[in-house]
2 protein chains.
Amino acid sequence: MTKEELLKNYQDWRFSCSAYEMALAIIGIDKQTVAPSAGASYRDSRTAYLAGVAFEKRNDPKMKEIMEALLKEDLDETFRKEVEMELKEIKKYQSVPQDFYVAHYERSDASYDAWLKAKKEENFEKFKPYIQGIIEDQKTLISYRDSQKEVYHQLLNDHENEVSIEFYDEFFATIKKELVPLIQKLQAAKQPDTSFLEKEYPIAKQKEFMEEVLKYIHYTKDWGYQNESEHPFTTGICENDLRTTTKYLINNPVSSVLSTVHECGHAYFEHNVHPKFDGTILAKNIKMGIHESQSRLLENYLGRSEAFWQYLYPKFQEIFPEQLKEVPLKQFIWAINRVKPSLVRTEADEVTYPLHILIRYELEKEIFSNRLNVDELEQAWNAKYQEYLGIHADKPSEGILQDVHWSGDGYGYFPTYALGSAISAQIFHTMEQQIDVTEALRTGHFEIIMNWLKENVHQYGASLSFQEILEKCTGERFNIQYYIDYLKIKFNHLYDLD
Amino acid sequence: MTKEELLKNYQDWRFSCSAYEMALAIIGIDKQTVAPSAGASYRDSRTAYLAGVAFEKRNDPKMKEIMEALLKEDLDETFRKEVEMELKEIKKYQSVPQDFYVAHYERSDASYDAWLKAKKEENFEKFKPYIQGIIEDQKTLISYRDSQKEVYHQLLNDHENEVSIEFYDEFFATIKKELVPLIQKLQAAKQPDTSFLEKEYPIAKQKEFMEEVLKYIHYTKDWGYQNESEHPFTTGICENDLRTTTKYLINNPVSSVLSTVHECGHAYFEHNVHPKFDGTILAKNIKMGIHESQSRLLENYLGRSEAFWQYLYPKFQEIFPEQLKEVPLKQFIWAINRVKPSLVRTEADEVTYPLHILIRYELEKEIFSNRLNVDELEQAWNAKYQEYLGIHADKPSEGILQDVHWSGDGYGYFPTYALGSAISAQIFHTMEQQIDVTEALRTGHFEIIMNWLKENVHQYGASLSFQEILEKCTGERFNIQYYIDYLKIKFNHLYDLD
């Protein structure tokens, strides 16, 4: 084939793959937001069939040859990177039988439905066969790969480049060493009054306030749409179509705001990727560590800051006068940042949060080294919560069943939340030196911050690794110290322990 | 091939076709309800590609041979009917080139977007090239068929079996002869006060009432989901997944209720089709005349009745005390049934409604016999509204741009609304003899009515024609007299002209 023919073949293939990916993404969003439950088996069996067709197309052996031939041609640097990345991803799945893949896809959908049901019914027993099947599937999928690395190492690498069990062991050792004493110190100090946060905040009113939040962060219907789901998520269709969800809790008016800002951090990343990457793997294959750095940056570094609420709090008080009229801004900020061991990861404060991740990391490591089976999982979960946070879940919905991730392909994903939080400290440190973040938040100029992130992080999409982005943006490779310093300074200050 | 092989091939093909249909349906719903506008071109090009794959699969010449071979085997009656219907549908498209089909699909999506925009901007000029292209496409699509019948005859038949231009000419001649004098007579009589309906009804409150309506008609999230769209519609995924939309108008609190009940009429039909037809063409290929008979039955015969509101009106008053506390039920019922020539079809009363359809029927007939071109269309539209209803649209959004149908494949569809309304009179006449409809509505037992319709109409799906259903259900073929009688009796009574 001539170079032109190779290119034509490649581009046609890329386009048709992206069509199936789009269909599966929209079907997935639909499933998790609005699709009627009784139609699940009809839809899931057909979705799995389409996933199989997409799988076959992506793993077409002819395309592997075409890409290898292309790489022998003279290509521009970006395009070469794209083809190399496609090839690398294909190699992960090329030996997986399509039948197995389709069956796994269908099992994942059924497992998601079973998780939803088990969580509602507070019944982990019912979910056990599903999680068992999904874990086996993960092991089988990995076994088809041409790699001698441990299963969990490979799962970790599926979610972030240049990480390993050693990397995370060291990472979490620092977390444990630095944060456990900090938590103890903060727990011993005078605590903020948070009782006003537990009042009833009618959801219709929360939605009214959400309109203000979405306006403030410029997440508009031109390129985004927010829905609701049991577990908030973001799905990118293309750079101009980023769907997010949130979840409202009647006794926690800040949860939906922070989850919104979190998901919009993901959405902005994909929205701001350089248009030249749109529809290619260099836009799509952003790894989760750097991805979560953006969601966690927006959620915590911005969304829990005083400047953010200086702008929004008067409107919040206006919508909830009874609940908030007696609460000054300072008290509100302290309350929403209160450090207190709690059961639900997504509702955790910034300091205890990485311990939630540490627990999941340790459990996953044991699962995939075959030292922990599903029958022991709930007990192991509860034991670790006791050990690290001194608390115990009375209900599976606040324990082992709280997260969606283990119902599907989310193994090896959790550590990226903690890594992302740490990456964002390093990025935030540089950002604060270059622009006045506080002023931008206080005066309603969120776009100043987003433009800085676009320029320094988002535009690269998947074309750079998180280490490369950090080097370009902050001048050094990943350094956990920024994260530890940030947490110590912020929380000592908040608790008046400077 | 053995019979078993033929069957296996057929069933695999049917399943994979249904998978693509499901994907395209979900993508279509998404587009019309929530999808961000800036992502349209990315999505539409990929949707068109998938539509092409689906088209190729459906029109696979090998499958035509397999079905023809199957029909030579000994098959049970229902299955034979199914295969015959598939074959008949395939023959309509088998000569259409796939490239043309894909291009047409993409043009339809772009045309929908252009219609939305043109309607918003009150600018028919901008929509002209799109509607022009879509009309040309309709003619081209028909030209590939092996039929000597007129283009418009074939379009009419795509939307209902056993109808023709002659059939509709006669149908609308009766409509004109009987209803124009009735409208004149009602217009000359004392009119109800409808001013309270034009007050402001905040949309959040309308949504609160909608919860009551959905509960009353048992449209639940197990098998249905209601969203909003510019033009209300229903899409069936399978018997347990029926999506509907509605549209809220701030100065018309009844519009969203009636459009909801209308769309749920469609949804119930597909939900109640006998499970043995699920996933087959005998469930999917219900023609629009009989389909609209169910939507129009729910909307008008039930939704505009006094018994329906006897149950709901107290809740309606509770939610809108300022607007409705002085309005007794009788006055409310008369007001929502007021006969008055108006511009927007979907908001029209029952008596002027078929004249809106007559206008569209006459225009479509002229378009497809090449006697009317797009440049003359707006003028022709306005002239006919003047002639039949004595009114004139000042804005295209209330005139030529009001309906979604002409932006896509909706040509030949409109007449089924009037036919459906007339069919439902005949069905309703029988139903009233067999169950106490008033009592069921008044006491909140909507399921009694739905069960009757399931038993007598819905269960057959597409396995019987509308004439066959009428014969089974009412004991005679279609007879327009039931419709004329119903309208005369209802409205003479309402206007105290008995």
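Residues numbered from 1 in each chain as written. Chains lettered and ligands numbered in written order. Predicted model: local features only at pLDDT ≥ 70, side-chain atom pairs only at ≥ 80, totals over all residues. Heavy atoms only, no water.

## Observations concerning helix α21 (residues 466-474) of chain A
All names here are of chain A.
Okay, step 1: Buried within α21 are the following residues: Phe466, Gln467, Ile469, Leu470, Cys473 and Thr474. Viewed along the axis of α21, the buried residues span an arc of 160°, placing them on a single side of the element.
Okay, step 2: Here the buried face of α21 lies against α8 (165-188), α12 (288-302), α18 (415-434) and α20 (446-456).
Okay, step 3: Of the residues one or two after α21, glycine 475 is the one with positive phi, at around 85°. (Buried < 20%, exposed > 50% of the residue type's maximum accessible area, 1.4 Å probe, protein only. Helix = DSSP H or I, 4+ residues; strand = E, 2+ residues; numbered from the N terminus. Arc of directions from axis to C-beta. Contact = heavy atoms within 4.5 Å.)

## Digging into the interface of chain A and chain B
Okay, step 1: The interface of chain A with chain B comprises 37 residues on the first partner and 37 residues on the second.
Okay, step 2: Across the chain A to chain B interface the summed buried area is about 3,200 Å²; carbon plus sulfur atoms make up 69%.
Okay, step 3: The largest share of the area that chain A buries against chain B comes from Pro36, Tyr42 and Tyr49 of chain A, three residues that together contribute 19% of it.
Okay, step 4: Viewed at the interface, chain B and chain A are joined by four salt bridges.
Okay, step 5: The shortest N-O distance in the salt bridge between aspartate 30 of chain B and arginine 243 of chain A comes to 2.7 Å.
Okay, step 6: Where chain A packs against chain B, one counts 13 residue pairs in polar contact (both at pLDDT 80 or more).
Okay, step 7: Among the elements of the structure, α1 (3-33), α2 (40-58), β1 (224-228), β2 (234-238) and β3 (241-246) of chain A are those that each provide at least two residues to the side of chain A that touches chain B.
Okay, step 8: Counting residues per element, the side of chain A that touches chain B draws most heavily on α1 of chain A, which supplies ten residues.
Okay, step 9: Tallied by class, the residues present in the side of chain A that touches chain B amount to 19 nonpolar, nine polar and nine charged. (Buried area = accessible area lost by both parts, 1.4 Å probe. Salt bridge = Lys/Arg side-chain N within 4 Å of Asp/Glu carboxyl O. Polar contact = N/O pair within 3.5 Å; in protein donor to acceptor, adjacent residues only side chain to side chain. Nonpolar A, V, L, I, M, F, W, Y, C, P; charged D, E, K, R; others polar.)

## Some details on the UniProt feature "active site" (unreviewed entry) in chain A
Residues and elements named next belong to chain A.
Okay, step 1: Annotation from UniProt places "active site" (unreviewed entry) at Glu263.
Okay, step 2: The topology assignment puts glutamate 263 in helix α10 (residues 255-272).
Okay, step 3: The class for glutamate 263 is buried, based on a relative accessible area of 7%.
Okay, step 4: Ignoring anything within four residues of it in the chain, the contact list for glutamate 263 reads Pro232, Phe233, Thr234, Thr244 and Thr245.
Okay, step 5: Here threonine 234 takes part through its side chain, which lies 2.6 Å from a polar atom of the side chain of glutamate 263. (UniProt positions renumbered as here; feature names shortened; annotations may be inferred.)

## Focus on the relation of the copies chain A and chain B
Okay, step 1: Note on the identical chains: chain A maps onto chain B by a rotation of 180° and an axial translation of 0.0 Å, with an RMSD of 0.0 Å. This pairing of chains is accounted for by a two-fold axis. Considering only C-alpha atoms, the part of chain A nearest the rotation axis is alanine 23 of chain A, at 3.1 Å.
Okay, step 2: A share of 100% of interface residues in chain A that are also interface residues in chain B marks the association as one of identical surfaces. (Least-squares fit on C-alpha atoms with pLDDT ≥ 70 in both.)

## Notes on the packing of aromatic side chains
Okay, step 1: Throughout the structure, instances matching the rule amount to 98 aromatic pairs over all chains.
Okay, step 2: On the numbers, 6.2 Å between centres and 40° between planes, the contact of phenylalanine 171 of chain A with phenylalanine 478 of chain A is tilted. Placement of the pair is phenylalanine 171 of chain A in helix α8 and phenylalanine 478 of chain A in the loop between α21 and α22 (481-494), with a sequence separation of 307 residues. Just as phenylalanine 171 of chain A is buried, phenylalanine 478 of chain A falls in that class too.
Okay, step 3: Between tyrosine 216 of chain A and phenylalanine 308 of chain A, the aromatic rings sit 5.2 Å apart at their centres with planes inclined by 80°, giving edge-to-face as the arrangement. Pair noted here: tyrosine 216 of chain A is in helix α9 (residues 203-216) and phenylalanine 308 of chain A is in helix α13 (residues 306-319), with a separation of 92 residues, a long-range link.
Okay, step 4: The buried category is assigned to phenylalanine 308 of chain A, whose relative accessible area is 0%.
Okay, step 5: Sitting over the ring of tyrosine 42 of chain A, arginine 46 of chain A keeps its end group 3.5 Å from the ring centre.
Okay, step 6: We note arginine 345 of chain B situated over the ring of tyrosine 417 of chain B; from NZ or CZ to the ring centre the distance is 4.4 Å. (Phe/Tyr/Trp six-rings, centres within 6.5 Å; stacked < 30°, edge-to-face > 60°. Lys NZ or Arg CZ within 6 Å of the ring centre and 35° of its normal.)

## Regarding the UniProt feature "binding site: Zn(2+)" (unreviewed entry) in chain A
Residue and element names in this part refer to chain A.
Okay, step 1: Sequence positions flagged by UniProt for "binding site: Zn(2+)" (unreviewed entry) are, in local numbering, His262, His266 and Glu292. For the annotated residues, spread through 31 residues, the largest C-alpha to C-alpha distance comes to 8.5 Å, consistent with a single compact locus.
Okay, step 2: With respect to the helices, strands and loops of the structure, histidine 266 is situated in helix α10.
Okay, step 3: Each residue touching histidine 266, except ones within four places of it in the same chain, is listed here: Thr234, Met288, His291, Glu292 and Ser295.
Okay, step 4: With respect to the helices, strands and loops of the structure, glutamate 292 is situated in helix α12.
Okay, step 5: Ignoring any residue separated from it by four or fewer positions in sequence, one finds glutamate 292 in contact with His262, His266, Leu297, Tyr413, Thr416, Tyr417 and Gly420.

## Let's talk about the domain arrangement of chain A
Residues and elements named next belong to chain A.
Okay, step 1: When cut into domains, chain A gives domain 1 (3-148) and domain 2 (165-495).
Okay, step 2: Distance from the C-alpha centre of domain 1 to the C-alpha centre of domain 2: 27 Å.
Okay, step 3: Across the boundary between the two partners, domain 1 contributes 34 residues, which contact 42 residues of domain 2.
Okay, step 4: Counting the surface lost from both domain 1 and domain 2, the interface buries some 3,300 Å², and carbon and sulfur atoms represent 66% of this.
Okay, step 5: Counting the surface domain 1 buries against domain 2, the share from its top three residues, Trp115, Lys119 and Phe124, is 19%. (Domains from an automatic or database assignment.)

## A closer look at α10 of chain A
Okay, step 1: With 18 residues, α10 of chain A should reach 26 Å at 1.5 Å per residue; the first-to-last C-alpha distance of 26 Å fits that figure.
Okay, step 2: With respect to burial, α10 of chain A is a largely interior element, 18 of its 18 residues being buried. (Expected span 1.5 Å × (residues − 1).)

## Here we look at the packing of helix α1 (residues 3-33) of chain B against helix α5 (residues 98-121) of chain B
Residues and elements named next belong to chain B.
Okay, step 1: Packing of α1 against α5 leaves a shortest axis separation of 12 Å and a crossing angle of 20°. By the angle between their directions, the pair α1 and α5 is classed as roughly parallel. The way α1 lies across α5 gives a crossing that is right-handed. Mapping the contact onto sequence places Leu24, Lys31 and Gln32 in α1 and Tyr105, Asp109, Tyr112 and Asp113 in α5.
Okay, step 2: Residues of the contact of α1 with α5, tallied by class, amount to three nonpolar, one polar and three charged. (Axes fitted to C-alpha atoms, helices over the stretch in contact; angles between N-to-C directions. Parallel < 35°, antiparallel > 145°, perpendicular 65-115°, else oblique. Left-handed = near helix turned anticlockwise from the far one by under 90°.)

## Focus on the sheet that holds strand β2 (residues 234-238) of chain B
All names here are of chain B.
Okay, step 1: Spatial ordering of the open sheet is given by β1-β3-β2, a layout of three strands whose pairing is mixed. Two strands in the sheet have a free side with no partner beyond their single neighbour: β1 (224-228) and β2. When the angles between neighbouring strand axes are averaged without regard to direction, this sheet yields 20°.
Okay, step 2: With five bridges joining them, β1 and strand β3 (residues 241-246) adopt parallel strand pairing. Across the sheet, residue glutamine 226 finds its bridge partner in β3, namely threonine 244.
Okay, step 3: Along the sheet, helix α10 (residues 255-272) makes contact with β1, β2 and β3, crossing β3 at roughly 165°. (Pairing = 2+ DSSP bridges.)

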